[in-house]
Amino acid sequence: MLNAFNARSIFELTAKDRLKIDSLLAYGDKLILGLSSGALRIYRVHSPDTPDVSLTLLRTIDSFSRRKIELLACIKEAGILVSLADSNVHIHDLNDFTLTETLSKARGATTLAVTSNVERDPETQIPSIVSRLAIGVKRKVLMYSWADGGFQEGKEVTLSGAVKSLTWASGHKIVVGLTSGFVIVDVDTASVEEIVPSEGANGASKARDEKAGWGSYVGMGGWGSKSLSTRLGGGELLLVRDSSTLFIDTEGKPLDRPPVPWSTPPDSIAYSYPYLISLNAAKHQIEVRNPSTRTLLQNISLPTVTTLHVPPPNVALVHAGKLFYVASPTQVWRMGATDYETQINNLVEAEQLDEAIRLIETLESVLLKESKEEKLREVQMLKAQKLFERRKYEESMALFAAVSAPPERVVKLFPRVIAGDISIWPEVEEDDQADGDAKAIVEEEEPVGEDETAPADDAEAEETSKEKENGDSTENGESSDPKPVDIKTDPSGDATPEKAKSRSTTPELKRSPTTEAYGSMRNIAFSRKYGETASIFSFGTRRVDENDSASLMANKDNQPVDDTPRPLEGEELKKAAQELARSYLNDVRRKLTKYFGSDGNPVDPLLILANGSVHEASRKDPLESSFLTLDGVSSPVVEDAAKERIEKLMETCRLVDTTLFRAYMLIRPALVGPLVRIQNQCDPDVVSEKLREQGKFDDLVDFLERKKLHRDALELLRFFGQAEDDSKAPNLHGPQRTITYLERLKAEHIDLIFEFATWPLKVEPKLGMEIFVGDTGNSESLPRSRVLDFLEQQDQGLAIQYLEHIVTELKDMTPEFHTRLAGLYLTVLSRDHTQAEKDSWHARFLEFLKTSDQYRAEKVLGSLPRDVPEYYECRAVVLSKMGRHKAALEIYVFKLNDHAKAEEYCMRVHRSGPSPTATAMDSVTTETVYHILLSLYLRPPSPHEQQLGPALTILSRHGARLEASDALKLIPGNVKVKDLESYFESRIRAANATVTENRIIAALRKSHIVDVQEKLLDARNSPVIVSEENVCPVCHKRLGLSVIWRLPTGQVVHYGCARKAVF
């Protein structure tokens, strides 16, 4: 319950005075009373903001007026006092209260209004204070402005009815209340515009049918006798006629706002920041309302109260609701405002959370002791918690997300199946669970009639309908029947609470950075049982939800309602968990993604939210800004502070993701897979336990891989991969999933790869080798020496396959690998094989020796057997790599007796050039390799015989590549010239081809020279005209009579600039 104002009696006339208070005026620390005798009393107010407020009489002017003083107003800036008495308007000096002027044209005045505003001169634009006075005289409004020490007459406006009230909307427009309605008058142009409610304003269409509101009156002529108006905050005004209300702006345009639900028509209204004050003389009550929500917040009963006075400026922060007076004919009360923190506490205790939120939003930050943003956020979180209690999960989670509530505060509202260890709900014991199940069974057996859930009687339904018409509802966590404070006045004049309970001091609203902040509002017994969050289930007395059929039945039978809070379960838990995941957790995850790099590692929040960064605006978010606040004393070491911020961030991410996982497991298990496969910070223990319980081993493997818990994942894959029964995890049976997993591991996990690759290599060697030779990118980065050693231990065939892969496909030129491959080939060839297998291995070995140039030839040659025929060609190839062509050719000619391969060998050496591994002793030029072969044929070493036929074949085919003198010396004397015919033809043909080629080249060069000379002559004969206007493009000076140089492009420059020119 709100206790915004307390009435303190500060003045009372005795029975002996025989006077009445007809008017009062307060300004500064002065209080002026106008009495029925025409006397004026001036008082000084002492300690106005304390309970010890008192008055000191400064002066009494008995002959101030001949008749009673009806109305008083002052213009402090001009130092004048305006009084309305005997239907005349008098101007007095505000210091000595002497009469200075009586406005003759204002005779018959009924009301007046003053205003002061800062305006700029239209010509000089110099700001100045302009004071204006508006006087209502019958059907006219007279305008005056204060200038040069006196009032100057302004416009005179004639209206359609008698003037009842005047309220300045701005410095240039005034709202006039007439007998038939309201108009707004422009004081500069004297234009009059009638204020007519729009079709939708104040619910006019609805009110027309119910005979309430402005829309039901044509031309506003059917209103009662009083036209009231007051200016509100935010450029709004409130117009009241009988029980009908209309909100307008300063231009007189109606606003689409519901009407104020007056219980009885007010006699006077005013605005005391930030509340709407109304006076009901018949009920002797002062009503305090929130103008935004129109909710009645406080009733103050005062005997015979007739006058309400809120000194200007009543809409500014300067006033702040601290100069509020009410009076009866014999007494004056000072309305003392309680501090705003206490008012907020009172509203929260009364479960009027929307009112508390609107009050905080209305107040300026300087009026609150604590941060306005933090206090507003705290109350909004309490509202969200109340909505959660009322099972309005969508609205609750949306509000939690809107205020960036701490995740632990939201999650702890749920039972342990969602919140885990931070839940406010204790674990359910087996005995308690059994009792609950038994109770549920008994309740299910009891039949429930259809009429038991209906309202008790028609009166109750009618009352509910009226509450809805007045704008009261149970939505948004508000109480369905907010009860205002009802304060009555005792004989001493002080306003006291009606009940003794209301005398207790309202506890202050306290904040806690992590848990519920309003400990003063909790039921003590509740707090002991349920801890700090008990307040979210009970703010005083528990009210029955209209959707709760069980509660309605209990109330109908006059049975006590069990208000013990219980954790959510069943379908309600699923609904709440769905909204938690959809509206809150996903929104928080979206905010937190910016704090992680592309590699998934967290980044210091201080760097992300630094000034000038892309996400600098996120510093205003309470949740994100909390990452920058370190608990306790900040560490002087920058690295330690960064670690603390990152750890705080990770704790929040871990809670959010783990809770989201639990929610998905409950409401939609199909979403668990996508969650665990993306970047997440779920608790591995929780996820592993839940997925094992549900048999989701595929998702568990993906999660463990994402969390880099590779050993756990691989052990799980090995268990199900080798299991005989594949019914539990059919997708994990066999080596395929393990191989795919190992292919994705990087080189830093090489030990794990070796450990868990053993069994796939044994079961499926060909498939298992994809770990090391597959096109995954990771296989290429593995340490090849270690992989080779591992595979050689498993099977030498696998080692050969790996070496062939890195040598042929990856083009690895490491001599060690090439040499080891050659050694492995020899090892395999030394084993017993079928002839076909042996031929296949031998062909692969020979092809490797021919194509590779990186193996160590000396080492390989030493490993090859000397006298085994099948290795003769292999030795020849190795010898050729060493540049020992003669030894290689001897093998082809004398051991293999294969003249075609010998010739092919010479041709290959001739095309490739000298061997890079040949030594100085063994190296020969490519031209002499044929000479070596020819010498082996014609002059073979002992005991081999001369082979003339193959020698003549070499001479006839490759004679041109042999030196003629050396070749002819090797030819035996018994060889006929006819046998050398083909040799000489090839020699002559080669010589002629050389001569012909040289002649052609010489002719082409001569032709080229002629072309160049012709171009030179043309360039030299090209004329160049140099005038006085020509400028050198290099130095940008005139050429004049200087020596010039013509460039090939045709440009002319100075001779000295020629070297600098670019063309």
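Residues numbered from 1 in each chain as written. Predicted model: local features only at pLDDT ≥ 70, side-chain atom pairs only at ≥ 80, totals over all residues. Heavy atoms only, no water.

Caption draft 1: Summary view of the overall build of the protein chain. Secondary structure assignment for the protein chain yields 36 helices and 31 strands. Relative to all contacts within the protein chain whose residues are 6 or more apart in sequence, the contacts with residues 24 or more apart total 54%. Of the roughly 55,000 Å² that the protein chain leaves accessible, carbon and sulfur atoms contribute 49%. (Helix = DSSP H or I, 4+ residues; strand = E, 2+ residues; numbered from the N terminus. Contact = heavy atoms within 4.5 Å. Areas by Shrake-Rupley, 256 points an atom, 1.4 Å probe, with all protein chains shown as cover.)

Caption draft 2: Structural detail: the sheet that holds strand β4 (residues 40-46). Pairing within the open sheet is antiparallel, and its four strands lie in the order β2-β3-β4-β5. Lying at the two open borders of the sheet, with one neighbouring strand each, are β2 (21-27) and β5 (54-61). Here the strands of the sheet are splayed against their neighbours by 25° on average, with no regard to which way each runs. (Pairing = 2+ DSSP bridges. Axes fitted to C-alpha atoms, helices over the stretch in contact; angles between N-to-C directions.)

Caption draft 3: Seen up close, the pairing of β4. Among the seven residues of β4, five are classified as buried, and the element is accordingly described as predominantly covered. Here strand β3 (residues 30-35) pairs with β4 via five bridges, running antiparallel. Bridge assignment links Gly 34 to a residue of β4, and that residue is Leu 40. Here β3 folds back onto β4, and the loop between the two strands holds four residues, one of which, Gly 38, carries a positive phi near 90°. With seven bridges connecting them, β4 and β5 associate as antiparallel partners. (Buried < 20%, exposed > 50% of the residue type's maximum accessible area, 1.4 Å probe, protein only.)

Caption draft 4: A look at the pattern of salt bridges. If you walk through the whole model with that rule in mind, you get 43 salt bridges. The closest approach of N and O atoms between Glu 193 and Lys 253, which form a salt bridge, is 3.3 Å. Taken together, the residues span a long stretch of sequence, with Glu 193 in strand β17 (residues 192-194) and Lys 253 in the loop between β20 (244-249) and β21 (268-272) at a distance of 60 residues. Linking Glu 705 and Arg 744 is a salt bridge whose minimum nitrogen-to-oxygen distance equals 2.6 Å. (Salt bridge = Lys/Arg side-chain N within 4 Å of Asp/Glu carboxyl O.)

Caption draft 5: Highlighting the packing of helix α2 (residues 340-349) against helix α4 (residues 372-389). The interhelical angle for the contact between α2 and α4, taken along N-to-C directions, is 10°, at an axis separation of 12 Å. Between α2 and α4, the interaxial angle falls into the category roughly parallel. Judged by residue contacts, Glu 341, Ile 344 and Val 348 of α2 engage Lys 375, Val 379 and Leu 382 from α4. Here the contact of α2 with α4 is built from residues that sort into four nonpolar, no polar and two charged. (Parallel < 35°, antiparallel > 145°, perpendicular 65-115°, else oblique. Nonpolar A, V, L, I, M, F, W, Y, C, P; charged D, E, K, R; others polar.)

Caption draft 6: Here's a closer look at unusual backbone geometry. The residue after Tyr 273, namely Pro 274, is reached through a cis peptide bond having omega 5°. As for its position among the elements, Pro 274 is in the loop between β21 and β22 (275-280). In the segment running from Ser 942 into Pro 943, the intervening peptide bond is cis, with an omega of 10°. Tracing the chain through its elements places Pro 943 in the loop between α33 (928-938) and α34 (948-958).

Caption draft 7: Inspection of the side chain of Ser 935 at higher detail. Residue placement: Ser 935 occurs in helix α33. Filtering out sequence-adjacent residues up to four positions away, Ser 935 remains in contact with Pro 940 and Leu 970.

Caption draft 8: Region of interest: the nonpolar core. Among the nonpolar cores identified, the biggest contains 143 residues, and Phe 414, Tyr 584, Phe 772 and Leu 791 are the most heavily contacted of them. In terms of residues, this core owes the most to one element, helix α15 (residues 638-667), which gives 10 residues. The residues contacting Phe 414, other than those within four sequence positions of it, are Phe 388, Met 397, Ala 419, Ser 423, Trp 425, Leu 573, Ala 576, Ala 577 and Leu 580. In this structure, Leu 228, Trp 262, Leu 302 and Val 305 belong to the second largest nonpolar core, which totals 45 residues. (Core = buried A, V, L, I, M, F, W, Y, C linked by side-chain atoms within 4.5 Å.)

Caption draft 9: Geometry of the packing of aromatic side chains. What the rule picks out here adds up to 16 aromatic pairs. Seen in terms of ring centroids, Phe 5 and Phe 324 are 5.2 Å apart; in terms of plane orientation they differ by 85°. Their pairing is edge-to-face. In this pair, Phe 5 is assigned in strand β1 (residues 5-12) and Phe 324 in the loop between β25 (307-309) and β26 (325-327), connecting sequence segments 319 residues apart. In this pair, the class of Phe 5 matches that of Phe 324, namely buried. Relative to Tyr 1055, the ring of Trp 1045 lies with its centre 5.6 Å away and its plane at 50°, an arrangement referred to as tilted. Of this pair, Trp 1045 sits in strand β30 (residues 1044-1046) while Tyr 1055 sits in the segment after β31 (1052-1054), and the two are 10 residues apart along the sequence. Three or more aromatic residues link up through ring pairs in this structure, and these residues are Tyr 825, Trp 841, Phe 845, Phe 848 and Tyr 855. Residue placement shows Arg 257 over the ring face of Phe 247; its charged tip is 4.3 Å from the ring centre. (Phe/Tyr/Trp six-rings, centres within 6.5 Å; stacked < 30°, edge-to-face > 60°. Lys NZ or Arg CZ within 6 Å of the ring centre and 35° of its normal.)

Caption draft 10: Broad picture of the sheet that holds strand β7 (residues 80-85). Pairing is antiparallel in the open sheet, where four strands are placed in the order β6-β7-β8-β9. Of all strands in the sheet, those bounded by a partner on one side alone are β6 (69-75) and β9 (99-103). When the angles between neighbouring strand axes are averaged without regard to direction, this sheet yields 20°. Bridge count for β6 against β7 is six bridges, and the pairing is antiparallel. Bridged to Leu 71 within β7 is Leu 84.

Caption draft 11: Expanded view of the environment of Asp 267. Along the chain, the position of Asp 267 falls in the loop between β20 and β21. Expressed as a C-alpha distance, the spacing of Asp 267 and Val 240, which sit 27 residues apart in the sequence, is 9.8 Å. Leaving out residues up to four positions away in the same chain, Asp 267 has contacts with Lys 226, Leu 228, Leu 279, Asn 280, Ala 281 and Ala 282. Looking at Asp 267, its side chain comes within polar contact range of the side chain of Lys 226, at 2.4 Å. Within the structure, the side chain of Asp 267 is placed 2.6 Å from the backbone nitrogen of Ala 281, a separation counted as a polar contact. (Polar contact = N/O pair within 3.5 Å; in protein donor to acceptor, adjacent residues only side chain to side chain.)

Caption draft 12: Structural view of the packing of helix α18 (residues 697-706) against helix α19 (residues 710-722). At a closest axis distance of 8 Å, the pairing of α18 and α19 adopts a crossing angle of 150°. Relative to α19, the element α18 is oriented roughly antiparallel. Crossing hand, α18 versus α19: left-handed. Mapping the contact onto sequence places Phe 697, Leu 700, Val 701, Leu 704 and Glu 705 in α18 and His 710, Asp 712, Ala 713, Leu 716, Leu 717 and Phe 720 in α19. When its residues are assigned to classes, the contact of α18 with α19 shows eight nonpolar, one polar and two charged. (Left-handed = near helix turned anticlockwise from the far one by under 90°.)

Caption draft 13: Spotlight on a nonpolar patch on the surface. There is a patch of nonpolar side chains on the surface, built from Leu 968, Val 977, Phe 984 and Ile 988 and spanning about 360 Å² of accessible area. Mapping Phe 984 onto the fold places it in helix α36 (residues 981-1020). Classification of Phe 984 as partly exposed rests on a relative accessible area of 31%. (Patch = residues over 30% accessible without salt bridge, like charges linked within 9 Å, V, L, I, M, F, W, Y side chains within 5 Å.)

Caption draft 14: Main features of the environment of Phe 817. Considering the arrangement of structural elements, one finds Phe 817 in helix α27 (residues 815-829). For the pair Phe 817 and Ile 806, spaced 11 residues apart in sequence, the C-alpha to C-alpha distance is 8.7 Å. Not counting the four nearest positions on each side in its chain, Phe 817 is found in contact with Arg 784, Ser 785, Leu 788, Leu 803, Ile 806 and Asp 812.

Caption draft 15: Highlighting the pairing of β7. Burial of β7 is extensive: six of the six residues sit out of reach of the surface. Both faces of β7 are covered, namely the face carrying Ile 80, Val 82 and Leu 84 and the face carrying Leu 81, Ser 83 and Ala 85. In textbook terms, the turn of a hairpin is the stretch between consecutive antiparallel strands, and for β6 and β7 this stretch comprises four residues, one of which, Gly 79, has a positive phi near 70°. Pairing analysis gives six bridges linking β7 to strand β8 (residues 88-93), with the strands arranged antiparallel. Bridge pairing in β8 places Val 82 opposite Ile 91. Hairpin geometry of β7 and β8 is characterised by an intervening segment of two residues between the two adjacent antiparallel strands and by a positive phi of about 55° at Asp 86.

Caption draft 16: Spatial organisation of α4. Across its 18 residues, α4 extends 26 Å between first and last C-alpha, which sits within 8% of the 26 Å expected from 1.5 Å per residue. The element α4 is extensively covered by neighbouring structure, given that 16 of its 18 residues are classed as buried. Positive phi shows up at Arg 391, right after α4, with a value of about 65°. (Expected span 1.5 Å × (residues − 1).)

Caption draft 17: Region of the structure containing the confidence of the model for the protein chain. Looking at the protein chain, pLDDT values average 81 and 81% of them are 70 or higher. Below pLDDT 50 for its whole length, residues 203-224 participates in 40 contacts with residues either more than four positions away or in separate chains. Per-residue pLDDT stays below 50 along residues 495-557; that stretch engages in 120 contacts with residues further than four places along the chain or on separate chains. (pLDDT = per-residue confidence, 0-100.)

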